[in-house]
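Chain by chain, the residues run as shown.
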Amino acid sequence: MSGDRIFAGLCTSFLAGIAAGILIASLSRPIFHPFLATPFLCLVLLAEIRHSRTGRINTIQAAAIFALTGVFCSLANHSSPDLSSSLTNKAAAAFRSIIDTIPWPSETSGPLVKALLTGDRSGLGKDLVDIFRRSGASHILALSGLHLGIIYLILSKALSILGRFKASFIARYILILAISAFYTIMTGASPSLVRAFLFILIRETGIILSRPLRPIRILLTAITVQLAISPSVILSAGFQLSYLAMAGIILLHPRLLALWPEEDVHGGRKSFPEKIWNAASLSISCQAFTAPLAWFRFRSFPPYFLITNLFALPLTSIVITLSVASISLTATGLCPPLLVTVTDKAVSTLIFILRVISDM
């Protein structure tokens, strides 16, 4: 655990440096940012030269280097990179058009599927948006790491047919990262989507190198890389809530799971009540870490978040999985009407449940 504490301390120092750099940048004109960044870069280089000569560095010195690097990154990168391109914009438009061509039995299914997979909510009526808001399910409509995570699971399952050979592992690695990266950029590369992609990248790289990382190290590495690329994203509510939710899952969720009494179940299968507790504890873990910030920034707290997440999240996973299958088969001209009908029923069920919760 000492290694994890040191790793966390260095990442925290970098985070503090990012915050300090943003504060310095806010107090000065943009034209001076490169000049203000130069001294911090010089200090980092001097520290590295000293380290290379002595071959020794203690934790405090390493933390100072990380903090100085964070300040430099903030001042040197005062604008986020534009990840959009004509290719991804055309792909997004084509993706939306395929959804529009599917003969959905219900008029709300197409717009909701489009919102869940592309982030385009222009087709959603005000009443439907209000249902999601009042039921505490607005986070489902906002394209986030949840959606990319579901797509990642779909890809992992679909590509498992490649087998367990070395070449198949490499092919799986390339395809998952390429599709995940393209989807992230195509849908706007929001902070939470970028966070999810970095999690996938770091996790899959660790697996392919036979050096899997602990979840806490994946989180710390991802936040460091994302802030190094775009320091100003630290001010985004989506970025803050996304990482807080993951911190809750990594730090609190295992402890809540441990509260469930151990049972000697044949075959190692979990009982239905235990599965409910797993889902409930996951929701509680996320809410415990994100609720204070959500209240501070938006003055809102979903009173029925537990009921909403217990029903809505599994259904959302089903809807996204069925929708991806429907869209993929429609693009090839092979989509059976039965699949569209089942997808439509899943969407209608999700809306019905959220409407009941919103009226409570």
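To be clear, the structure that these remarks concern was listed above.
This report concerns the structure included in the present document. (Residues numbered from 1 in each chain as written. Predicted model: local features only at pLDDT ≥ 70, side-chain atom pairs only at ≥ 80, totals over all residues. Heavy atoms only, no water.)

The next point concerns the overall build of the chain. Along the chain, the regular secondary structure elements total 16 helices and zero strands. In terms of C-alpha radius of gyration, the chain reaches 23 Å, essentially the compact-globule figure of 21 Å for 360 residues. C-alpha atoms of the chain, sized along the principal axes, occupy 70 × 55 × 50 Å. A fraction of 72% describes how many contacts in the chain between residues 6 or more apart in sequence connect residues 24 or more apart. Accessible area of the chain: about 19800 Å², with a carbon and sulfur share of 69%. Positive and negative side-chain charges of the chain, numbering 29 and 15 respectively, have mean locations separated by a distance of 10 Å. (Helix = DSSP H or I, 4+ residues; strand = E, 2+ residues; numbered from the N terminus. Rg over C-alpha atoms; globule rule 2.2 N^0.38 Å. Contact = heavy atoms within 4.5 Å. Areas by Shrake-Rupley, 256 points an atom, 1.4 Å probe, with all protein chains shown as cover. Lys, Arg positive; Asp, Glu negative; His and termini not counted. Charge placed at Lys NZ, Arg CZ, Asp CG, Glu CD.)

Packing of helix α5 (residues 109-118) against helix α15 (residues 305-331) leaves a shortest axis separation of 11 Å and a crossing angle of 100 degrees. Between α5 and α15, the interaxial angle falls into the category roughly perpendicular. Contact residues: α5 offers V113, L116 and L117, while α15 offers V319, I320, S323, V324 and I327. Partitioning the contact of α5 with α15 into residue classes produces seven nonpolar, one polar and no charged. (Axes fitted to C-alpha atoms, helices over the stretch in contact; angles between N-to-C directions. Parallel < 35°, antiparallel > 145°, perpendicular 65-115°, else oblique. Nonpolar A, V, L, I, M, F, W, Y, C, P; charged D, E, K, R; others polar.)

Turning to helix α16 (residues 337-358), a few remarks are in order. Residue pairs three or four apart in sequence face the same way in an α-helix, which turns once every 3.6 residues. Helix length check: α16 (22 residues) gives 31 Å between terminal C-alpha atoms against 32 Å at 1.5 Å per residue, within 8%. Among all positions in α16, only L339, V340, T343, D344, A346, V347, L350, I351, I353, L354, I357 and S358 are buried. In this structure, the buried side of α16 is in contact with α5, α6 (126-134) and α15. (Expected span 1.5 Å × (residues − 1). Buried < 20%, exposed > 50% of the residue type's maximum accessible area, 1.4 Å probe, protein only.)

Below, the discussion takes up the pattern of salt bridges. Following the criterion strictly, the structure yields five salt bridges and no others. The shortest N-O distance in the salt bridge between D100 and K114 comes to 2.8 Å. Here D100, found in helix α4 (residues 86-101), pairs with K114, found in helix α5; they are 14 residues apart in sequence, far enough to count as distant. Look at K114 and you get buried, because its relative accessible area is 13%. Each member of the salt-bridge network shares a partner with another, and the members are K126, D130 and R133. (Salt bridge = Lys/Arg side-chain N within 4 Å of Asp/Glu carboxyl O.)

This part is about the environment of D120. Following the sequence through the fold, D120 ends up in the loop between α5 and α6. Placed 106 residues apart in sequence, D120 and F14 show a C-alpha to C-alpha distance of 35 Å. Ignoring sequence-local partners within four residues, the contact set of D120 consists of R96, P111, K114 and A115. Within polar-contact distance, the side chain of D120 engages the side chain of S122 at 2.7 Å. (Polar contact = N/O pair within 3.5 Å; in protein donor to acceptor, adjacent residues only side chain to side chain.)

Moving on to a nonpolar patch on the surface. Together, I307, F311, F352, V356 and M360 line one region of the surface with nonpolar side chains, adding up to about 480 Å² of accessible area. Tracing the sequence through the fold places F311 in helix α15. For F311, a relative accessible area of 46% gives the class partly exposed. (Patch = residues over 30% accessible without salt bridge, like charges linked within 9 Å, V, L, I, M, F, W, Y side chains within 5 Å.)

A separate point is the nonpolar core. One broad trend across soluble globular proteins is that nonpolar side chains are buried collectively. Counting residues in hydrophobic clusters, the biggest one holds 49 residues, and the most contacted among them are L112, F132 and Y183. Take this core: its biggest share by element is nine residues, from α16. Residues in contact with Y183, not counting those within four places in the same chain, are L116, L117, L143, L148, I151 and L193. (Core = buried A, V, L, I, M, F, W, Y, C linked by side-chain atoms within 4.5 Å.)

Roughly 520 Å³ of volume is contained in the second largest pocket. What lines the second largest pocket is a set of 22 residues, and nearest its centre among them are A8, I216, L219, L220 and L251. When contributions to the lining of the second largest pocket are tallied by element, the ones reaching two or more residues are α1 (2-26), α11 (215-229) and α12 (237-251). Per element, the largest residue contribution to the lining of the second largest pocket is seven residues, and it comes from α12. Looking at side-chain class alone, the lining of the second largest pocket contains 16 nonpolar, two polar and four charged residues. (1 Å grid on protein atoms, 1.4 Å probe; cavity = no way out; pocket = protein on both sides within 12 Å on 5 of 7 lines; lining within 4 Å. Points joined across faces, edges and corners; volume = space filled by probe spheres on them.)

Coordinates in, geometry out; function isn't part of it.
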